[in-house]
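Chains, contacts and geometry: an overview
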Amino acid sequence: MGMFLVFGGAGAAMAAPADNGVEGKTFVIGTDTTFAPFEFRENGELTGIDMDLVRAIAEAGGFKVEIRSLGFNAALQALTSNQVDGVIAGMSITDERKQVYDFSEPYFESGIQMAVAKNDDTIKGYEDLKGKTVVAKTGSEGEAYAKSIAGQYGFTVKSLDQSATMYESVKSGSAVAVFDDYPVLAYGVAQNNGLKTVTDKVPGGSYGFAVNKGKNTALLAAFNDGLAKLKADGDYQKILDKYLANPTAAQPTTFLDLLGKSFPALMSGLKNTLLVTIISFAVAMAIGLLAGFMKISHNIVLRGIATTFVNIFRGTPLLLWAFMFYFGLPQLTGQPINIWVAGVLTLSLNSGAYVAEIVRGGIQSVDPGQLEASRSLGLGYGKSMQKVVVPQAFKMMTPSLINQLIIMLKDSSLLLAIGFAELLYQGQQIYAANFRVTETLLIVGVIYFVAVMALTKLANYADRRFNK
Amino acid sequence: MSASPVETQKPAKITVKGLRKSFGANEVLKGIDVEIAEGEVVCVIGPSGSGKSTLLRCLNKLEEISAGHVVVDGFDVTDPKVDINEVRRHVGMVFQHFNLFPHMSVAENIMLAPVELKKATKVEARAQAMKLLDRVGLKEKADARPASLSGGQKQRVAIARALAMNPGIMLFDEATSALDPEMVGEVLQVIRDLATEGMTMVLVTHEMGFAKEIGDRVIFMDAGVVCESGRPDELFGNPQQERTKEFLSKVL
Ligand SMILES: Nc1ncnc2c1ncn2[C@@H]1O[C@H](COP(=O)(O)OP(=O)(O)OP(=O)(O)O)[C@@H](O)[C@H]1O
Ligand SMILES: [Mg+2]
């Protein structure tokens, strides 16, 4: 630290570099969903060391940042596919990562610690782990460290995606210990997450800000410049102290407090859930009607195309397509894709395949005599379908379509994997910061239930109204 | 087939020449030649599976025709250039199971074709539907749903619907077979009225008594061919073919 203090005087004299190639621009920065104290939400706002740091640096450099809270792996995939310009996510600088990303100067020296449940007196060190299971975060330093000593001490490492779920596993007893970055653990313990640290900190790697290899060099340079400046004038240390030196002791709050605090974020999540469901369902209906008619067509080519489409999307997981559209497609086309577009594509193509089958089944369930009667009156195929067959088919299809709509509403939660801010995602964000997993999930569950019930009632009402 | 006096009096309304129809490898019609004059009522009888329905459905091309020629009201329906929808407007068809449109009212069933084919405005079509319903004795059912009608009423509505485009030819495929016995009479009466008015009709029927009464000519079909054909009194009273005799001994 002394080094920086010496620098202090010189740093204060430094003027913002003229024409640094970033001024006035806006950069999209990807980050973890919640990696307290580096990034987490407080009253709906993203905050934490990384957030304060990147915002202060942006201000110093005269540019803007738009933060995308995607989740650690998703943020890195988004970086690879140029969906974001940079990633700051408490990410350790490793040789492996250096192959694909360019890193800034280290902005934080981390380390690994092991924690166990607060009331657990049996595990005091690595020796007590024999035959047990521990958890660590997928792709993290903690995971690498745990794996490196797993053989020596005879324990198994299970990888999970989020700190909050790791801590839950330890509290619930499905794992005995968690390996995590020490600042994260320290912050969590201070928040009453029900854990305690039992080992000394193993000096670990340093955290860095990353850009895609060879890309955004100006942004990287601006980050380094800004970091040096913040370190020089002491703002850097202030930020660290704010979160680490004296973590805000968590006041135990009531369930009602939790409900009140999380409600706005959850409602915005619900709004996105409903919106993406409704848009996707409209698109799925269009796709499904087209494919359904193609499936009953006499044209073998059309039939083949529709059958292939249906088989592909019924035969593959929804999540795969979410990743494919959001991460895969941009790498193929070189064009970033809007998360709403990716979400709607995923849901509507998947659902469209099912709707196609519903449409085909509905039309085939109409007595062929109906079409014959209409054709024998001199009405063409199209008119006969439109006036006679489809209205009857639609009546039969309605219950299945309502069912499909409800499946889609629930399936839309899978979009959290690409960082789409829907209801469950918002719930994750909340419990990742306050560690009250069960209660938050309960609230989210009730909201889903109410939404599904309301939608079912609405759809049934419409069914009665229009399909008398 | 010897030409009967009736056939030569008036111009042919339907001409079938060498008609063949196969479903896959199964040849169901094996060369049919029939000529039907304007205003003539022809009843088609024969055992189940002999191809009666298929013959009828070839007349308005509800079935693709494998070979031969069918000329209906001056249109060669086997000519791919002919607008089959146009031909069908000249040919009304009544089905065994009525095939009324359940999602429309009785009047809407009848109005559908005239309105959709732009032959009449809604108001005109409605007025015409009421006239047709009056003719079949169901005026008061105009706004009822088909589901609320009895079988006999349904079939009378179906006949009214088939008449909505003012066809010159009516085809009936076992129009009374799905009806309870007490309802057969009301439907036959409507058909009888049409015959009196001079409608050209082809009826596939199992009602031998009715065929005898109403038919100008009866065609006996067996195994995809016209086995025997003639005036009802001749065919029923003095059948020439062994198979006709056998069939009639079973059904009469
Ligand atoms: N769509 C079809 N596909 C395949 N075979 C068919 C089809 N329609 C009819 N057939 C066959 O053609 C033959 C003649 O059938 P059709 O319905 O014309 O007989 P029918 O004389 O009307 O008999 P019924 O008195 O039982 O109504 C039967 O063997 C039947 O199985
Ligand atoms: Mg038949």
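Residues numbered from 1 in each chain as written. Chains lettered and ligands numbered in written order. Predicted model: local features only at pLDDT ≥ 70, side-chain atom pairs only at ≥ 80, totals over all residues. Heavy atoms only, no water.

Topic: the domain arrangement of chain A
Residue and element names in this part refer to chain A. For clarity, the threshold we go by: Domain start and end points were adopted from an automatic or database domain assignment. Only heavy atoms matter for contacts: two residues are in contact if any of them lie within 4.5 Å across the pair. Buried area: the accessible surface (1.4 Å probe) lost by two parts on joining, summed over both. Any pair of N or O atoms that falls within 3.5 Å is considered a polar contact. Within protein, one atom must be able to donate a hydrogen and the other to accept it, and sequence-neighbouring residues count only if both atoms are side-chain atoms. The numbering of helices and of strands both runs from the N terminus, where a helix is a DSSP run of H or I of at least 4 residues and a strand a run of E of at least 2. Classes in brief: Ala, Val, Leu, Ile, Met, Phe, Trp, Tyr, Cys and Pro nonpolar; Asp, Glu, Lys and Arg charged; the others, Gly included, polar.
Domain annotation for chain A reports domain 1 (2–107 + 208–245), domain 2 (110–204) and domain 3 (255–466). Summarising the inter-unit geometry, the C-alpha centres of domain 1 and domain 3 are found 39 Å apart. Taken together, the contact between domain 1 and domain 3 spans 15 residues of the former and 14 residues of the latter. Overall, the association of domain 1 and domain 3 removes approximately 1,200 Å² of surface from exposure, summing both partners, and the carbon and sulfur fraction of that is 51%. Contact with domain 3 buries surface across domain 1, with Arg41, Ser81 and Gln83 losing the most and accounting together for 37% of the total. Linking domain 1 to domain 3 there are four residue pairs in polar contact (both at pLDDT 80 or more). Elements represented by at least two residues in the side of domain 1 that touches domain 3 include exactly β2 (40–42), β4 (64–69) and α3 (72–80). Residues that form the side of domain 1 that touches domain 3 fall into these classes: four nonpolar, nine polar and two charged.

Regarding empty space enclosed by the protein
All names here are of chain A. For clarity, the threshold we go by: Cavities and pockets were defined on a 1 Å grid built over protein atoms only: a cavity is a set of grid points that admits a 1.4 Å probe from which the probe cannot escape, a pocket is an open set flanked by protein on both sides within 12 Å along at least five of seven lines, and lining residues are those with an atom within 4 Å of any such point. Grid points are joined across faces, edges and corners, and a volume is the space filled by probe spheres set on the points.
Enumeration according to the criterion identifies five cavities of 30 Å³ or more in this entry. Here the largest cavity is characterised by a volume of approximately 110 Å³. Lining the largest cavity are 13 residues, with Phe35, Phe72, Gly90, Ser140 and Asp181 sitting closest to its centre. Looking at the lining of the largest cavity residue by residue, the class counts come to three nonpolar, five polar and five charged. Two domains each put at least three residues into the lining of the largest cavity: domain 1 (2–107 + 208–245) and domain 2 (110–204).

Regarding the pairing of strand β7 (residues 108–117) of chain A
All names here are of chain A. Worth spelling out the cut-off: Accessible area is worked out with a 1.4 Å probe on protein chains only. A residue is then buried under 20% of its type maximum, exposed over 50%, and partly exposed in between. Criterion used throughout: strands pair if DSSP finds at least two bridges between them.
In terms of residue burial, β7 counts as a mostly covered element, since nine of its ten residues are buried. Judged from the four bridges that link them, β7 and strand β12 (residues 202–207) form a sheet pairing that is antiparallel. Counterpart to Ile112 in the pairing with β12 is Val202. Pairing between β7 and strand β10 (residues 177–181): five bridges, direction antiparallel. Following the sheet pairing, Met114 is matched in β10 by Phe179.

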